[in-house]
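Commentary on secondary and tertiary structure
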Amino acid sequence: MNLNINRLYRKNLKSQGLAYIGGEEREITLKNLSVTGALAELKNCSDLEFITSAVAASPTIDIYLPQLQLAGEADVVRIDSKKPNHITLALQFKHISYDVDQLMYKRKAYRKTMSVVGRLLVNGTYYNFFSVNISTDGLMIHLPEHIYLEEGDTVSFQFKELDVEGQAQVIWRDEMINGGILLGLQYINMAKISIKGVPRFTNE
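Structural notes, computed from the coordinates.

The rules behind the values
Residues numbered from 1 in each chain as written. Predicted model: local features only at pLDDT ≥ 70, side-chain atom pairs only at ≥ 80, totals over all residues. Heavy atoms only, no water. Salt bridge = Lys/Arg side-chain N within 4 Å of Asp/Glu carboxyl O. Helix = DSSP H or I, 4+ residues; strand = E, 2+ residues; numbered from the N terminus. Buried < 20%, exposed > 50% of the residue type's maximum accessible area, 1.4 Å probe, protein only. Polar contact = N/O pair within 3.5 Å; in protein donor to acceptor, adjacent residues only side chain to side chain. Lys, Arg positive; Asp, Glu negative; His and termini not counted. Contact = heavy atoms within 4.5 Å.

All right, on to the pattern of salt bridges then. Summed over all chains, the structure comprises six salt bridges. Taking the shortest distance from any N to any O, the salt bridge between Lys-112 and Glu-73 comes out at 2.7 Å. Taken together, the residues span a long stretch of sequence, with Lys-112 in strand S7 (residues 112-113) and Glu-73 in strand S5 (residues 70-83) at a distance of 39 residues. By relative accessible area, which is 10% here, Lys-112 ends up buried. Overall, Glu-73 belongs to the buried group, its relative accessible area being 10%. The salt bridge partner of Glu-175 is Arg-173, with a shortest N-O separation of 2.4 Å. What you see here is one network of salt bridges that share partners, running through Glu-24, Arg-26 and Asp-47.

On to the side chain of Ser-131. Take Ser-131: it is sitting in strand S9 (residues 125-134). In terms of polar contacts, Ser-131 uses its side chain to reach the backbone carbonyl oxygen of Met-114, at 2.5 Å.

Moving on, we get to the side chain of Glu-41. Assignment of secondary structure puts Glu-41 in strand S3 (residues 37-42). With no salt bridge to any partner, buried Glu-41 finds its closest opposite charge in Lys-31, at an N-O distance of 4.4 Å. Excluding anything up to four places from it in sequence, Glu-41 contacts Glu-27, Ile-28, Thr-29, Lys-31, His-86, Ile-87 and Thr-88.

Note on placement: Pro-144 falls in the loop between strand S10 (138-143) and strand S11 (154-159). By relative accessible area, which is 42% here, Pro-144 ends up partly exposed. When the C-alpha atoms of Pro-144 and Asn-178 are compared, they prove to be 9.1 Å apart, with 34 residues separating the residues in sequence.

In short, geometric facts, not functional conclusions.
Structure, rendered in structure tokens:
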């Protein structure tokens, strides 16, 4: 029996979820699904020009599919609009996490994988860090330098690129084998409510 690996099995289904496109969260219905991608329909959506422009500017979108316990990033490889108020997106998965129901329950909001340079203020000294992931509730960062911080400590942070700054509490820390530390931070206060490019996808 000859198998064509380019024609992967797609399962037909009707599952609800959310997609973050052009800075907005939109409801989607999954029409079919394979191990590499999916076909999704935007519900009650007629602004094809906006969707097309948003995807052209940034073809990678965030998706959250609670019924399937999937969340992550996908590339939009095709856009169709064959019926009024119906826009279909062909998606190719990029970074997808599975079994996210328990993770979303604990964190309350979707965490987007994003590497952005920021600054952390500790005891009057600024330290550069790289974000690992960011949500509207908190973030994980990598500090190349080994500095003394404990769970419960409060730090100030700043992202010039995202135009975000505020204070956060250290929730956990991990020593890295190759040097530096990983920190899990929860926001205490911020200068702005939303973060550019980061959806909430809350489970509440």
